[in-house]
Structure formats: structure tokens, C-alpha cells
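Examining the three-dimensional arrangement
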Amino acid sequence: MPHPHAARLDRLRQLMAAVGLDAMVVASLVNVRYLTGVASSNAALLVEHDGALLATDGRYLVQAAAQAPWLRQLEARDCLAALAAVAAGAGIVRLGFEAHHISVEEHGRLQAAAPSAHLLPAGHPVEELRTVKDPDEIELVRQACQISDYALAALLPQVRVGDTERATAVRLERLMIDAGAEDLAFATIVAAGPNSAVPHHTPTGRPIERGDLLKIDFGARVGGYHADLTRTFVVGGPPADWQQEIHGMVRQAQRTGRQALAPGAGLAHVDALARQVIVAAGQGPGFGHGLGHGVGLEIHEAPMMGPAATGTLEAGSPVTVEPGVYLPGRGGVRIEDTLVVRDGPAEPLTTSSRELLVLG
Ligand code: ZN
Ligand code: ZN
């Protein structure tokens, strides 16, 4: 069994043993991919103490055999039920499942297929394992971030007053794909003028106007791993005082957050340190989201940094730091980077300039 999936499965088995599970069915497709390397739109994985069995349907069998030749496979349409039947046939009693990834209906089918088994919510053990990345995973996040930085640098000289948000977003997306991204990390946000005050604005046909703040939040995906990068610009001339003021405030909050990233730092504490910069300037109510999130096989994953978060950062976690200030009807600023928590200063993976650049 090749590195690194054998090691990941072994770590999962340790977590399963600690809570007394005989086996576990993994329903999350992202978690299946993490544990096996197999990317499928219909799959599930049975993890036992001495093996693992992948269920997927006929469309994916050849690909799965190529991606994970060491893995036993079972052809099935209802993958969860098929694996539950195998587990029951093997005499497994305490069978864990991912309560946050299966529907009530799927749970019923699981129980019907394994009537003798005790189905037990297993918590989030795979998500916990995914929080700290191995070097190969970090390398993929790094490549996604490099493509994102490159694409933004190529876009900026092309931004023009009169171009629409949507056309600008499509141009940026094209640049990422041409530079080697396998896909977008998520739907690109290009938000101009008052739209920049909407944290997750969807690009529209609104033309970019002189004097607009222009907020761009986007990322590339490489090998299943995501990048997340936000910059805010001003278009067509020097910034107004209020634009400079909120940009400076967000930039300082973002620097504070980046510098607070360290193994053992409380997730809520890092959020609070950065948030305090914005609160002290009287703009706290306009920062309505958390400071940042983990990035990996999903664009938003553990650890989540926010006021109500519990837990601490660990070395080897790629996370974002993305404070924002949003003034409804006028405009908003967000600055976001993806960094890796390290012993010592965090390692920045996105490196585009954080200054308030004038475009167009
Ligand atoms: Zn983002
Ligand atoms: Zn983000």
C-alpha cells in the first residue's frame, strides 16, 4: 500500500479504536478521496481494522483501480448499503458512520442492510485528520496559490472602466485555467462599487465605474486542492479618503491576524486580535464573518477561525486570514491570504501586493 493513504487509514483506525468502533463507513466523497486517492461522484469506503473496501459504481471502477491499485473494490449503486451488508456479513457489530454526511433516508437503508449492527455516529474523525496536511498536500495548495497570484497579476493591467463585473471575472478565470488550474476553487467574486459591500456578491452586468472599490475573491484548484485569495482595488483614479481609511484598517487587521498564526493559538483568540483592530476603529458591526478558515480538499474546512470557535491552530494547517469592512451602499474592502501555520512565522502561500492599487 503506497504512502500516504496507508498512513491516513492507520491514523483513522487509531481514532476508531479509541471510541470502540469495529469498523466505519465513510460517506463523504471528499473524505473517501483523502483516504484512498479515488475521486468519484458515487463512492463510499468501509474501513476495518485490517483492511478497507471501496464501493463505487461501474463508471468509476477502472479509474479507481488505477488511482488505488492496493484497494479492494465492490461495484455498487447504493454504496453505503452495499458496504453495510458486507460489514454485517463479517460479523461487525459496532459500525460507525458520518452522521453529518448521510441523510435520514440513507441511515434507514444502512440499518436495513445491516440489521444486526449497532450504527454509531463516529463524529468527524476524517475531518480532524485532514486539518494537518502532509507536505504533498501543502505543495498542491502552494501550486494553486501560485496560479492564483499569477492570474491576478496578469488581470490587473487589463481592468478597465466600463468592463462588467462578469466579464472581469470570466477573464480572471480564463487566466487561471490557461495557467494550469484544473478548475476554479469556487465561483469567482468580482464586486465593484456598492456591490463590494456585499461580502459574497455574485458578479453582475454592472460596469466598473471610475472611483469604484473593486473587490476580487477567487482561487485556483490543483489536484483537488484549493487556493483562496482576495484583494481590493480602486479604479480610475486616486482613492477617496474613506476608501483609504477602511483599506488601511483592514490591512492592519489582516497583518495582525497573519502574525498571530501559531501552533497552539486559540482559533477565537486569533479572530479577536484581528477583529479588535476593526472594532477599535468603530467598524466592528461591518465585519460580520469569521476571520478565516482551513483550505484543502474543500475550500472551507477545519479549522474555522471566528468569535465562537473552539480549539487551537496546529502546525501544517493551511488557513486563510480575511478580515473585511463593508459599508452598505458605498463599498467594502476585504484582504485575504492563504498561509500555512508553522513553528515560527506562518508561511504565506499567496503573495500578491496588499497595497491599495489604482487600476484602469
Ligand atoms: Zn476567498
Ligand atoms: Zn476564504
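That block above? That's the structure.
Values in this document were obtained by computation on a predicted structure and should not be read as measured data. (Residues numbered from 1 in each chain as written. Chains lettered and ligands numbered in written order. Predicted model: local features only at pLDDT ≥ 70, side-chain atom pairs only at ≥ 80, totals over all residues. Heavy atoms only, no water.)

1. Let's talk about the overall build of the protein chain
Note the threshold: Secondary structure elements follow DSSP: runs of H or I of four or more residues count as helices, runs of E of two or more count as strands, with numbering from the N terminus. The globule rule is 2.2 Å times the number of residues to the power 0.38, and the radius of gyration it is compared with is taken over C-alpha atoms. The rule is simple: take the accessible area with a 1.4 Å probe, protein chains only, and divide by the maximum for that residue type; under 20% is buried, over 50% is exposed, in between is partly exposed. Residue contacts are defined here by distance: any two heavy atoms, one from each residue, within 4.5 Å place the two residues in contact. Residue burial considers only the protein chains on display, and all accessible areas are found by Shrake-Rupley using a 1.4 Å probe. By the counting rule applied here, Lys and Arg register as positive and Asp and Glu as negative, while His and the ends of each chain are not counted. To locate a charge, take atom NZ for lysine, CZ for arginine, CG for aspartate or CD for glutamate.
Tallying secondary structure elements over the protein chain gives 10 helices and 20 strands in all. Computed over the C-alpha atoms, the radius of gyration of the protein chain is 23 Å, within 12% of the 21 Å expected from 2.2 N^0.38 for a compact globule of 360 residues. Summarising its shape, the C-alpha atoms of the protein chain cover approximately 70 × 40 × 35 Å along the three principal directions. The burial tally for the protein chain puts 54% of its 360 residues in the buried class. Expressed as a percentage of contacts within the protein chain between residues at least 6 apart in sequence, the contacts between residues at least 24 apart total 66%. Summed over all atoms, the accessible surface of the protein chain reaches about 14,400 Å², with 55% contributed by carbon and sulfur. Computing the positive centroid from 29 side-chain charges and the negative centroid from 39, the protein chain places the two 4 Å apart.

2. Remarks on the coordination of the zinc ion (ligand 2)
Spelled out, the test is: With water omitted from the atoms examined, metal sites may look incomplete; donors here are N, O and S atoms no farther than 2.8 Å from the metal, or 3.2 Å in the case of Na, K and Ca.
Around the zinc ion (ligand 2), the protein contributes the donor atoms D228 (OD), H293 (NE2), E322 (OE) and E336 (OE), which lie 2.1 to 2.2 Å from the metal centre. Written as a sequence motif, the donor arrangement for the zinc ion (ligand 2) is D-x64-H-x28-E-x13-E. The two metals, the zinc ion (ligand 2) and the zinc ion (ligand 1), are separated by 3.2 Å and share D228 as a common coordinating residue. Of the two residues, D228 sits in the loop between β11 (225–226) and β12 (229–235) while E322 sits in the loop between β15 (318–321) and β16 (324–327), which places them 94 residues apart along the sequence.

3. Examining the coordination of the zinc ion (ligand 1)
Heads up, the rule is: For four-coordinate sites, all angles between 85 and 135 degrees define a tetrahedron; for four- and six-coordinate sites, opposite donors beyond 155 degrees with the remaining angles between 65 and 115 define square planar and octahedral shapes respectively, and all other cases count as irregular.
Looking at the zinc ion (ligand 1), one finds its protein donor set to be D217 (OD), D217 (OD), D228 (OD) and E336 (OE), positioned 2.0 to 2.6 Å from the metal centre. Around the zinc ion (ligand 1), the 4 donor atoms sit at angles spanning 54 to 152°, and that spread fits a shape best called irregular. Given the relative accessible area of 2%, D217 is considered buried.

4. Digging into the sheet that holds strand β10 (residues 220–222)
So the rule is basically this: When DSSP finds two or more bridges between a pair of strands, those strands are recorded as paired.
Across the sheet, which stays open at both edges, the 3 strands sit in the order β7-β10-β11 with antiparallel pairing between neighbours. The two strands at the open ends of the sheet, each matched to only one other strand, are β7 (183–184) and β11. The pairing of β7 with β10 spans 2 bridges and is antiparallel. Its bridge partner lying in β10, L184 is registered against A220.

5. Overview of the pairing of strand β14 (residues 301–305)
Across 3 bridges, strand β13 (residues 292–294) lies against β14 in antiparallel orientation. Note that in β14 the partner of G292 across the bridge is M305. Connecting β13 to the antiparallel partner β14 that follows it, the hairpin turn spans 6 residues.

6. Quick look at the nonpolar core
We apply this condition: We call a set of buried residues a nonpolar core when its members are Ala, Val, Leu, Ile, Met, Phe, Trp, Tyr or Cys and they connect through side-chain atoms within 4.5 Å of each other.
Counting 54 residues, the largest nonpolar core has L12, L45 and L214 as the members making the most contacts within it. A per-element tally of this core places helix α7 (residues 135–155) first, with 8 residues. Non-local contacts of L12, meaning those with residues more than four positions away in its chain, are made with M24, V26, L35, V47, P125, V126 and L129. Ranked by size, the runner-up nonpolar core spans 26 residues in total, among them L261, V319, V321 and V325.

7. Quick notes on the sheet that holds β12
Backbone-to-backbone hydrogen bonds pair the strands of a sheet. The strands run either parallel or antiparallel. The 4 strands lie next to each other as β8-β9-β12-β20, forming an open sheet whose pairing is mixed. In this open sheet, the two edge strands, each paired with only one partner strand, are β8 (189–192) and β20 (358–359).

8. A short note on the packing of α7 against helix α8 (residues 165–178)
Definition in use: The axes are straight lines fitted to the C-alpha atoms, using for helices just the contacting stretch, and the angles between their N-to-C directions are given from 0 to 180°. Relative orientations are named as follows: roughly parallel for angles under 35 degrees, roughly antiparallel for angles over 145 degrees, roughly perpendicular for angles from 65 to 115 degrees, and oblique for any other angle. Two helices that cross are described as forming a left-handed crossing if the nearer one is turned anticlockwise from the farther one by less than a right angle, and a right-handed crossing if clockwise. Throughout, the ten residues Ala, Val, Leu, Ile, Met, Phe, Trp, Tyr, Cys and Pro are labelled nonpolar, Asp, Glu, Lys and Arg are labelled charged, and all others, Gly among them, are labelled polar.
Close contact between α7 and α8 brings their axes to 9 Å; oriented N to C, the two are set at 130°. One finds that α7 runs oblique with respect to α8. Once α7 is placed against α8, the crossing between them reads as right-handed. Facing I147, S148, A151, L152, A154 and L155 of α7, the residues of α8 in contact are T168, R171, L172, L175 and M176. Here the contact of α7 with α8 is composed, by residue class, of 8 nonpolar, 2 polar and 1 charged.

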